[in-house]
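# Structural description and commentary
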Amino acid sequence: MQEIVAQYDLPNVKGHSLCIGGTLHYLLLGTPFEVVKTMGRWLGKSFTHYLWKHTVILAPYLHNRPDLIDKLTHLTLPPVH
């Protein structure tokens, strides 16, 4: 990837930028969380942990999508007992 970045004089892009960008892109298109999880090859709870860890990055883009915020909340917060 760094070869392409250098060849086209692009900003220094890291793999994680593509990961969070792709996740956000598909979520905003309405792709179900489970499908995004499968596309990203996340196993077990790793996708949930990823979403939880990056909620601050995702939140500004999701604020106009209450349907997604509800799903994200249910995925990332522990159940109420």
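Residues numbered from 1 in each chain as written. Predicted model: local features only at pLDDT ≥ 70, side-chain atom pairs only at ≥ 80, totals over all residues. Heavy atoms only, no water.

Before going further, it helps to spend a moment on the side chain of threonine 48. Within the secondary structure, threonine 48 sits in helix H4 (residues 46-53). Those residues in contact with threonine 48 that lie beyond four places of it in its chain are Leu75 and Thr76. (Helix = DSSP H or I, 4+ residues; strand = E, 2+ residues; numbered from the N terminus. Contact = heavy atoms within 4.5 Å.)

Moving on, we come to the nonpolar core. Nonpolar side chains in soluble globular proteins generally cluster together in the buried interior. In this structure, Leu27, Phe33, Phe47, Leu51, Leu58 and Leu62 are the most contacted members of the largest nonpolar core, which totals 13 residues. Listing elements by their share of this core, those giving two or more residues are helix H2 (15-28), helix H3 (33-39), H4, helix H5 (55-62) and helix H6 (66-76). Setting aside residues up to four positions removed in sequence, leucine 58 forms contacts with Ile20, Leu24 and Leu51. (Core = buried A, V, L, I, M, F, W, Y, C linked by side-chain atoms within 4.5 Å. Buried < 20%, exposed > 50% of the residue type's maximum accessible area, 1.4 Å probe, protein only.)

Time to look at a nonpolar patch on the surface. Among the surface-exposed residues, Tyr26, Leu29, Val35 and Met39 lie close enough to one another that they form a single nonpolar patch of about 370 Å² accessible area. With relative accessibility at 37%, the residue valine 35 sits in the partly exposed group. (Patch = residues over 30% accessible without salt bridge, like charges linked within 9 Å, V, L, I, M, F, W, Y side chains within 5 Å. Areas by Shrake-Rupley, 256 points an atom, 1.4 Å probe, with all protein chains shown as cover. Salt bridge = Lys/Arg side-chain N within 4 Å of Asp/Glu carboxyl O.)

What follows covers the packing of aromatic side chains. Scanning the model with the defined rule gives 2 aromatic pairs in all. Their ring planes at 40° and their centres at 5.3 Å tell us that tryptophan 42 and tyrosine 50 sit as a pair that is tilted. Owing to a relative accessible area of 10%, tyrosine 50 belongs among the buried residues under this scheme. The structure contains a cluster of three or more aromatic residues connected by ring pairs, namely Trp42, Phe47 and Tyr50. (Phe/Tyr/Trp six-rings, centres within 6.5 Å; stacked < 30°, edge-to-face > 60°.)

Before going further, it helps to spend a moment on the side chain of threonine 23. Mapping threonine 23 onto the fold places it in helix H2. Contact partners of threonine 23, with chain neighbours within four places excluded, come to Val36, Trp42, Phe47, Tyr50 and Leu51.

A few words now on the environment of tyrosine 61. With respect to the helices and strands, the residue tyrosine 61 is situated in helix H5. Sequence separation of tyrosine 61 and leucine 24 is 37 residues, and the distance between their C-alpha atoms is 8.0 Å. Contacts of tyrosine 61, omitting those with residues within four sequence positions, involve Leu24 and Leu28.

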